[in-house]
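Structural description and commentary
One-letter residues, chain by chain:
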Amino acid sequence: MLPSVRRRYLNDTTLRQLSTFNRKVRDLTLPSTMRTSTAVLQAALAAQPQLKRLRIVSTADVEVVAPGTDNAYRPRAHWQFADFDVTGPSLASIETLALGGNGAWVNDEVLARIAALCPNLVCLDASACTLVTDAGVTAVIKSCSQLEALNLNGCENVTDYSLMMFCQRAGPGVARVCASGTQVSGPGLQRLLQQAPRLRVLELRGCTFDPEVRVTHERRVQHTFAGLVCFGYRGEGVCFLGPR
């Protein structure tokens, strides 16, 4: 990680130095508004063979001013995940990608790039990315055969289709699903409980279910999933939490 480097100093030179002098980075957190070129960032990430977890923290709402100038933040002055070259260096080492809170720019196009560049992804966090739809989620699901965990909390355009596709592709591998505030309903929940025996964490706060269906699913969870503990309903949604 780069805990002591301020955002304004993360530029092409810094990333090239990181690639040259340190190739043992396993966990990296970067701001979303670095003034670096997309090509250099992609090359720097690809040059880290041990990189397992990448987190992009949203800094789009923070004014960025370079030393000695009054240049305010301009989106196109920074790298763009949507511009990553799918024919360029792969990011195959990344297993966990956290994009939560970057709703201003994480969309289906970005997820399509991730699907092409991160084939070994195990966990994807796209929470609060309201531009994301089933198209982007299923692109990742289809391309990342080792995917076990999805955090789609707040992705209001995601429906049962994403959960059904997740179960179809990952099946027994599904371990964690967070889909609070989405359009997931009874069919998606039913498919999860039928086809995901290793499911350990399930969050569906704010999702609408028929009361009788909710009771039926709660009983099924209590009798079928020994490690999945129901800790109650929140609003009109149901939330189950199992051991992490």
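Everything here concerns the structure above.
A short tour of the structure in this document, coming up. Just so we're clear, the structure is a prediction, and the values are computed from it rather than from any experiment. (Residues numbered from 1 in each chain as written. Predicted model: local features only at pLDDT ≥ 70, side-chain atom pairs only at ≥ 80, totals over all residues. Heavy atoms only, no water.)

1. Some points on the nonpolar core
Nonpolar side chains in soluble globular proteins tend to be buried together. In terms of nonpolar packing, the biggest core is built from 61 residues, with L30, L45, I114, L121 and V177 touching the most fellow members. When residues no more than four places from it in sequence are discounted, the contact partners of L45 are L28, L30, L51, L54, F84 and L91. (Core = buried A, V, L, I, M, F, W, Y, C linked by side-chain atoms within 4.5 Å. Buried < 20%, exposed > 50% of the residue type's maximum accessible area, 1.4 Å probe, protein only. Contact = heavy atoms within 4.5 Å.)

2. Focus on the state of the cysteines
What the rule picks out here adds up to zero disulfides. No disulfide involves C144; its sulfur sits 6.9 Å from the nearest other cysteine sulfur, which is in C118. (Disulfide = S-S within 2.5 Å.)

3. Some words on the environment of Q194
In this fold, Q194 is placed in helix α6 (residues 186-195). Expressed as a C-alpha distance, the spacing of Q194 and G171, which sit 23 residues apart in the sequence, is 9.3 Å. (Helix = DSSP H or I, 4+ residues; strand = E, 2+ residues; numbered from the N terminus.)

4. Some details on the packing of helix α1 (residues 12-21) against helix α2 (residues 38-46)
The N-to-C vectors of α1 and α2 enclose an angle of 15 degrees; their axes lie 9 Å apart at closest approach. For the element pair α1 / α2, the angle class is roughly parallel. Like other packed secondary-structure pairs, α1 and α2 cross with a definite hand, here left-handed. For the pair formed by α1 and α2, the contact residues are D12, L15, R16 and S19 on the first element and V40, L41 and A44 on the second. The residue inventory of the contact of α1 with α2, partitioned by class, reads four nonpolar, one polar and two charged. (Axes fitted to C-alpha atoms, helices over the stretch in contact; angles between N-to-C directions. Parallel < 35°, antiparallel > 145°, perpendicular 65-115°, else oblique. Left-handed = near helix turned anticlockwise from the far one by under 90°. Nonpolar A, V, L, I, M, F, W, Y, C, P; charged D, E, K, R; others polar.)

Shape descriptors only; they carry no functional weight alone.
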